[in-house]
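Residue-level structural notes
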Amino acid sequence: MNTTDNRNPRRTILDRLRSQSVPHVALPNLNAGAWIEYADPVQQFTEMIKLVGGNCQCIDSVSSVAKHLGSFSQRLEAKRTYSAVEGIPGNVNLGDCHDPHELENLDFVVYEGALGVAENGAIWITDRDLRHRVVFFITQYLVLLVRRTNIVHTMHQAYAQIAPPRPGFGVFLSGPSKTADIEQSLVIGAHGCRELQVFVL
Amino acid sequence: MNAIHNTNHTGSRNSPPALDHPQLANIFTADQARAHWHDGALWFVRQKRDRMAKAIPEWEELRSLASQIKAHALANLPEYLELFERQATEMGAVVHWAADGQQHNQIVYDLLKENRAQRVVKSKSMLTEECHLNPFLEAHGIEVVDTDLGEWIVQLRGEPPSHIVLPAIHIKKEEVSETFHQHIHTEEGNYDPTYLTRQARHHLRQKFLGAQAGITGVNFAVAETGGLVICTNEGNADLGVSLPNLHIACMGIEKIVPRWIDLSVFIRLLARSATGQPITTYTSHFHGPRVGGQLHIVLVDNGRSAVRSHHTFQEALHCIRCGACMNTCPVYRRSGGHSYSNTVPGPIGSVLAPAMDAHKHHSLPYACTLCGSCTDVCPVKIPLHHQLLAWRGEMAERKLIPLSKRLSMKMGRIVLGNSLLFRTGGWLARFGLRMLPKWLTHHRLNTWARQRDLPIAPKQSFRALFQQRKKRHQD
Ligand code: SF4
């Protein structure tokens, strides 16, 4: 039993674990849960985004978003903008960018989320068609679009509906980056985006 | 520097005892104003957690499910680890195994050396703290920057974190300001948290951009998909691994969950329990490396299998490191995280630390009032206070409690087991409580009385009162 083979820690660990007896417990069925359902999930989603420090607005179409952004001061001040949404222009082409460090001064990013979660205001975004996932984190200002038909009640529905890109990256993003590490005072804008604007279509 | 040895069974290490919890707590409580402030700050977090938990009608069901999933995963851990390894490898990651902290540190160092990485950014990882990775890498000339704001603050101050979720919860903004002024030349006397955070953001951005590797911890690893989940509010883990080509993720072997869908249960519980948020800002899922990059995953035992072998304590491995048991603990809140001299403090730390080294951490199971509040808030239902009580029994059996405690327990057994002795003792106590002067009861040797007053003793014993009543009823 308990032998330590320094050259093969994998075997050592697995042998140790196999030599132990741990009572068996069945894996529960998660589809049977009676999870919370909101009367108006879109409204709940909107409220949650505000609670976690973001802005959220319901809007009728992508062209309205484009029009809206035209008067955004953060957009007007931004020098380098990237948009993955058709109909909303940007001036950075990720195809020309070979090293993510070149995106250092990215100010403004527009992206569409695949799904929104009412219970916590989280939006699922992936790097499926994206060359540099760093755009989500390095930008100062982030705009995300979500279709109202893609808003679910809870994380259970969310995980059941999404398949992670394999290989690839996916993140549930809820609000702008934040910290309360100095005396529990909430400060928006830690290392990721300093502001988050969500549009529900 | 690095006192990590192999352990084959629970708590078999024999390092010298650390300073006792009461001694270290004394240092913290000497500054009463700070101790009160600390207590209040954590209670505030506990209340936020309560509001969040109450807003979810199925909260208790979620806790049960989480506990079942973890118990299942723990029972089948070797199979799930192998499945995870297969799946992660298929996604292009490289999986390494480390039996202890030394092996873990060596693996990380070798990877950095191979890739000629001299500057590293690290996101919060209690595992790397536990293994003392930073001093190991620094001794080899590598610059490691902790990028979680709280962790960076304690790193600059040369202290360990005092809480697993809120590493700098014991530090005041004036002290942060001073530290930043010293290290990054912020304005002297500017205590504004927003100003200080902005300066840190600015400074650390350069560290992110200059880093040649990113090291992260792991919150969950999914066996069926080979994926990793990392939760942060600051976005530091994501930024740290999206710029350099090398990502090293370090995880304890107990972080495995079987299915993708299981994440839904844990993600709903984690941030609500930890900080009273509905979810962390970033809940990131990594399957394999970035195109052109490398992802290395280090699976670490370092005493975990020893905990698993112990029937009473194995459930402690269900822990998802939310910190709720600390925030609620009346002892932790008043004594501070450093009084535990262990990477993980509070109730869960007091269960896990003796399992790693019973001799060194023998006083921790007593840093507890047995109020049970930790057990009530734990999102994965670890019976924490039962385990702490069980540890006290173990300590007594192994003769690891101080003689004074052992003798008084022995006396207690003799007195409580003999009715004449018990009665005489009661009479003596009533007499003594009324008659003895304070200098005699509150002297230096009686540590119990240091922050307590003795009750006013009744004139009669309960037994005498009861006899009288009975007599009155009969008359
Ligand atoms: S023991 Fe429970 S409450 Fe404490 S940190 Fe772990 S999961 Fe959270």
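Everything quoted here is computed from the prediction, not taken from an experiment. Throughout this description, residue numbers start from 1 for each chain and increase along the sequence as written. Note on labels: chains are lettered from A, ligands numbered from 1, in written order. With the structure being a predicted model, the display of local features is reserved for residues of pLDDT at least 70 and the display and counting of side-chain atom pairs for 80 or more, all residues being used for whole-chain, interface and lining totals. With hydrogens and water excluded, all non-hydrogen atoms of the structure serve as input to the side-chain values.

1. Comments concerning the site of the ligand
As a matter of local geometry, the ligand sits amid Cys319, Ile320, Arg321, Cys322, Gly323, Cys325, Ile348, Cys378, Pro379, Val380, Ile382 and Leu384 of chain B. Tallied by class, residues from the shell around the ligand come to ten nonpolar, one polar and one charged. Here a residue counts as near a molecule or strand whenever at least one of its heavy atoms sits within 4 Å of it. Each residue is assigned to one of three groups, with Ala, Val, Leu, Ile, Met, Phe, Trp, Tyr, Cys and Pro labelled nonpolar, Asp, Glu, Lys and Arg labelled charged, and all others, Gly among them, labelled polar.

2. Digging into the sheet that holds strand β4 (residues 115-117) of chain A
A strand pair is defined by DSSP finding two or more bridges across the two strands. A run of H or I in DSSP counts as a helix once it spans at least four residues, and a run of E counts as a strand once it spans at least two, with each numbered from the N terminus. Across the sheet, eight strands lie side by side as β7(A)-β4(A)-β5(A)-β8(A)-β9(B)-β6(B)-β5(B)-β8(B); this open sheet has mixed pairing. Each edge of the open sheet carries a strand with a single partner, namely β7 (151-152) of chain A together with β8 (256-257) of chain B. Where strand β6 (residues 227-232) of chain B lies against strand β9 (residues 282-287) of chain B, five bridges are found, and the strand directions are antiparallel. Looking at β9 of chain B, one finds that Cys231 of chain B is bridged to Thr283 of chain B.

3. Comments concerning the sheet that holds strand β11 (residues 195-200) of chain A
Residues and elements named next belong to chain A. A sheet is described by the order of its strands in space; here five strands give the open sequence β1-β11-β6-β3-β2, paired in parallel fashion. In the strand order of this sheet, the two ends are held by β1 (55-58) and β2 (81-83), each with one partner. Between one strand axis and the next, the sheet turns by 15° as a mean value, whatever way the strands run. As paired strands, β1 and β11 are joined by four bridges and run parallel to one another. Looking across to β11, one finds that Cys58 is bridged to Val200. Packing of helix α2 (residues 41-51) onto the sheet brings it into contact with β1, β6 (141-146) and β11, and relative to β1 it is tilted by some 155°. Interaxial angle, 0 to 180 degrees, is taken between N-to-C directions of lines fitted to C-alpha atoms, where a helix line uses only the stretch in contact. Any two residues whose heavy atoms approach within 4.5 Å at even a single point are treated as in contact.

4. Brief notes about the nonpolar core
Here, the term nonpolar core denotes a set of buried Ala, Val, Leu, Ile, Met, Phe, Trp, Tyr and Cys residues that are joined through side-chain atoms within 4.5 Å. In this scheme, a residue with accessible area under 20% of its type's maximum is buried, one over 50% is exposed, and one in between is partly exposed, where area comes from a 1.4 Å probe on protein chains only. Counting residues in each nonpolar core, the largest one holds 161 residues, and the members touching the most others are Phe172 of chain A together with Phe84, Leu228 and Ile348 of chain B. Residue contributions to this core peak at seven residues, all from helix α12 (residues 262-275) of chain B. Beyond its immediate chain neighbours, meaning those up to four positions away, Phe84 of chain B contacts Ala221, Val222, Ala223, Gly226, Gly227, Leu228, Met251, Ile256, Ile297 and Leu299 of chain B. Grouped together as the second largest cluster of nonpolar side chains are 22 residues, Ala98, Val108, Val120 and Leu137 of chain B included.

5. Regarding the interface of chain B and chain A
It is common to report an interface's size as the accessible area lost on association of the parts. If you look at the interface, chain B gives 101 residues, while chain A gives 74 residues. The term buried area denotes the loss of accessible surface (1.4 Å probe radius) that occurs when two parts are joined, taken as the sum for both partners. Taken together, both faces of the contact between chain B and chain A bury some 7600 Å²; the carbon and sulfur share is 59%. What counts as a salt bridge is simple: a side-chain nitrogen of Lys or Arg found within 4 Å of a carboxyl oxygen of Asp or Glu. In this structure, the connection of chain B to chain A is made through seven salt bridges. We note a salt bridge from Arg268 of chain B to Glu119 of chain A, for which the minimum N-O separation is 3.0 Å. Counted as a polar contact is a pair of N or O atoms within 3.5 Å, where, for protein atoms, one must be capable of donating a hydrogen and the other of accepting one, and residues adjacent in sequence contribute only when both atoms are in side chains. At the surface where chain B touches chain A, the tally comes to 40 residue pairs in polar contact (both at pLDDT 80 or more). Among the elements that take part in the side of chain B that touches chain A, helix α10 (residues 193-210) of chain B stands out by supplying eleven residues, more than any other. Bridging between strand β8 (residues 168-173) of chain A and β9 of chain B involves six bridges; their strand directions are antiparallel. Counterpart to Phe172 of chain A in the pairing with β9 of chain B is Thr283 of chain B.

6. Here we look at the domain arrangement of chain B
Domains are outlined according to an automatic or database domain assignment. Parsing chain B into structural domains produces domain 1 (1-171 + 212-401) and domain 2 (404-474). If you average the C-alpha positions of domain 1 of chain B and of domain 2 of chain B, the two centres end up 44 Å apart.

7. Looking at the side chain of Gln184 of chain A
Looking at the secondary structure, you find Gln184 of chain A in the loop between β9 (178-179) and β10 (187-188). Discounting residues that sit within four places of it in the chain, Gln184 of chain A has contacts with Val45, Lys48, Leu166 and Ile169 of chain B.

8. Let's talk about the packing of helix α2 (residues 32-54) of chain B against α12 of chain B
Residues and elements named next belong to chain B. One can describe the packing of α2 onto α12 by two numbers: an axis separation of 6 Å at closest approach and a directional angle of 145°. Residues Val45, Lys48, Arg49 and Met52 of α2 lie in contact with α12, whose contacting residues are Arg272, Ser273, Ala274 and Thr275. Within the contact of α2 with α12, the residues separate by chemical class into three nonpolar, two polar and three charged.

9. Some details on the packing of aromatic side chains
Pairing of aromatic rings covers Phe, Tyr and the six-membered ring of Trp, with a centre-to-centre limit of 6.5 Å; geometry is then stacked below 30 degrees between planes, edge-to-face above 60, and tilted otherwise. On inspection of all chains with the given rule, the structure shows 18 aromatic pairs over all chains. Plain terms: the ring middles of Trp124 of chain A and Phe172 of chain A are 4.8 Å apart, the flat faces sit at 50° to each other, and that makes the pair tilted. Note that Trp124 of chain A is positioned in strand β5 (residues 122-126) and Phe172 of chain A in strand β8, a separation of 48 residues in sequence. A relative accessible area of 2% means that Trp124 of chain A is categorised as buried. Classification of Phe172 of chain A as buried rests on a relative accessible area of 0%. For the ring pair Tyr159 of chain A and Trp260 of chain B, a centre distance of 5.1 Å and an interplane angle of 80° mean the geometry is edge-to-face.

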